[in-house]
Amino acid sequence: MAETRTATVSSIKAEHPIAFVRVLNCGRAEQQEEHRYGSRKPQFWWVFFGKRWVPLPLQCFLIGHRDGLVLFDTGIDPRIVSDKRYIEQATGRFLLPRIFQLHVNELDRIDHVLRKAGVAARDIRTAVISHLHFDHVGGIAQIPQAELLVSAREWSILSEPHPEREWILREHIEIPSAKWRQITFAPADDPLFEGFDGIHDVAGDGSLILLPTPGHTKGSMSMLIRREGENPILLVGDLTYEATLLERNVVPGTGDRDTLLASFAKVKRLRERLPGLAVVASHDFAAEEMVSRAMGNA
Ligand SMILES: [Zn+2]
């Protein structure tokens, strides 16, 4: 989509660049209660001894922008349940069922999900990848034409020792067909974004703004969607599993606690400056309702 843009985004063009925002259902799963709602116990404890499972939806988002269709994340690859070799490392294969119980099938692959929504996968022009976990990059093979935007910080995890220990699995990321583009965040001159470590204007018109919100992973990012006359939406990926948890500063049982809390505070400050901002998390059952409410409200 846009080349490197300047960070002047104080005004949104009047021609309504965003036609729609839709929540796409990419399957469902269960995670341990301590994973979703946090725990005083260390992560290894709930991974091995946790017994209470709670449901979560796997969701991604489709945005109709006048320059083309944009995806925010790409869902999960159903081969994760049908192909025993999908995860290359034995440790990961062993741990996965302790972290997620996955209920996905072939129809949950992004091209099928898009077709159900009346869209051809080949028409996706850009996919913003909030972070590199497998339930967010699982559809990239189905959209080889799309430019895949990832933060340079997230990408750099691939060259650190053992990215697979953070569930960043290079076998699903470094595929030949993928058109990855690393993005960096430019300083914003708009006071709206004060506190954030820069911004990236996806289309150059202020309608889709990427913001660094680390904590779940080191390079996680969120996307602010602004439509004329409607409430703005902030897609936060896995920064939180439910908007109400972020609200109450409830940190999940994974990620870096201090960094998560710092990102929570930035999101809350943004919401103070943008009244009506809907904070929408990828695994929140309330996502659909929040998005439709935001789009319906002036
Ligand atoms: Zn996720």
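Going by the structure above, here's the rest.
What comes next is a walk through the structure. From a predicted model like this one, the values you see are computed outputs, not experimental measurements.

Examining the sheet that holds strand β8 (residues 200-201)
An order of β8-β9-β10-β11-β12 is seen for the five strands of this open sheet, with the pairing classed as mixed. Of all strands in the sheet, those with a lone pairing partner are β8 and β12 (278-281), marking the two edges. In this sheet, strand β10 (residues 221-225) lies alongside strand β9 (residues 208-212) in antiparallel orientation, the contact comprising five bridges. Paired with Leu 211 across the strands is Ser 222, a residue of β10.

Topic: the coordination of the zinc ion
Taken together, Asp 135 (OD), His 136 (NE2), Asp 238 (OD) and His 283 (NE2) make up the full set of protein donors to the zinc ion, lying 2.1 to 2.2 Å away. Geometry at the zinc ion is irregular, judged from its four donor atoms and the angles of 86 to 168 degrees they form at the metal. Counting the intervening residues between successive donors of the zinc ion yields the motif D-H-x101-D-x44-H. Of the two residues, Asp 238 sits in the loop between β11 (233-237) and α9 (243-247) while His 283 sits in the loop between β12 and α11 (287-296), which places them 45 residues apart along the sequence. His 283 carries the same exposure label as Asp 238, and that label is buried.

Looking at the packing of aromatic side chains
One pass over the structure, following the stated rule, counts four aromatic pairs. Considering the side-chain rings of Phe 100 and Phe 134, the 6.1 Å spacing of their centres and the 90 degrees angle between planes classify their relative orientation as edge-to-face. Placement of the pair is Phe 100 in strand β4 (residues 100-103) and Phe 134 in helix α6 (residues 134-137), with a sequence separation of 34 residues. With respect to class, Phe 100 is no different from Phe 134; both count as buried. Consider the rings of Trp 155 and Trp 180, whose centres lie 5.0 Å apart with planes at 50 degrees: the pair is tilted.

Digging into the pairing of β11
The element β11 is largely enclosed, with a buried count of five among its five residues. Along β11, one buried face is formed by Ile 233, Leu 235 and Gly 237 and the opposite face, lined by Leu 234 and Val 236, is buried too. As defined by bridge partners, β10 adjoins β11 across three bridges and the pair is classed as antiparallel. Looking at the pairing, Met 223 lines up with Leu 235 of β11. Note: β11 against β12, four bridges, orientation parallel. Residue pairing across strands places Ile 233 opposite Ala 278, the latter belonging to β12.

Each value, and the rule that gives it
- Residues numbered from 1 in each chain as written.
- Predicted model: local features only at pLDDT ≥ 70, side-chain atom pairs only at ≥ 80, totals over all residues.
- Heavy atoms only, no water.
- Pairing = 2+ DSSP bridges.
- Helix = DSSP H or I, 4+ residues; strand = E, 2+ residues; numbered from the N terminus.
- Donors = N, O, S within 2.8 Å, 3.2 Å for Na, K, Ca; no water.
- Tetrahedral: all angles 85-135°; square planar, octahedral: opposite > 155°, others 65-115°.
- Buried < 20%, exposed > 50% of the residue type's maximum accessible area, 1.4 Å probe, protein only.
- Phe/Tyr/Trp six-rings, centres within 6.5 Å; stacked < 30°, edge-to-face > 60°.

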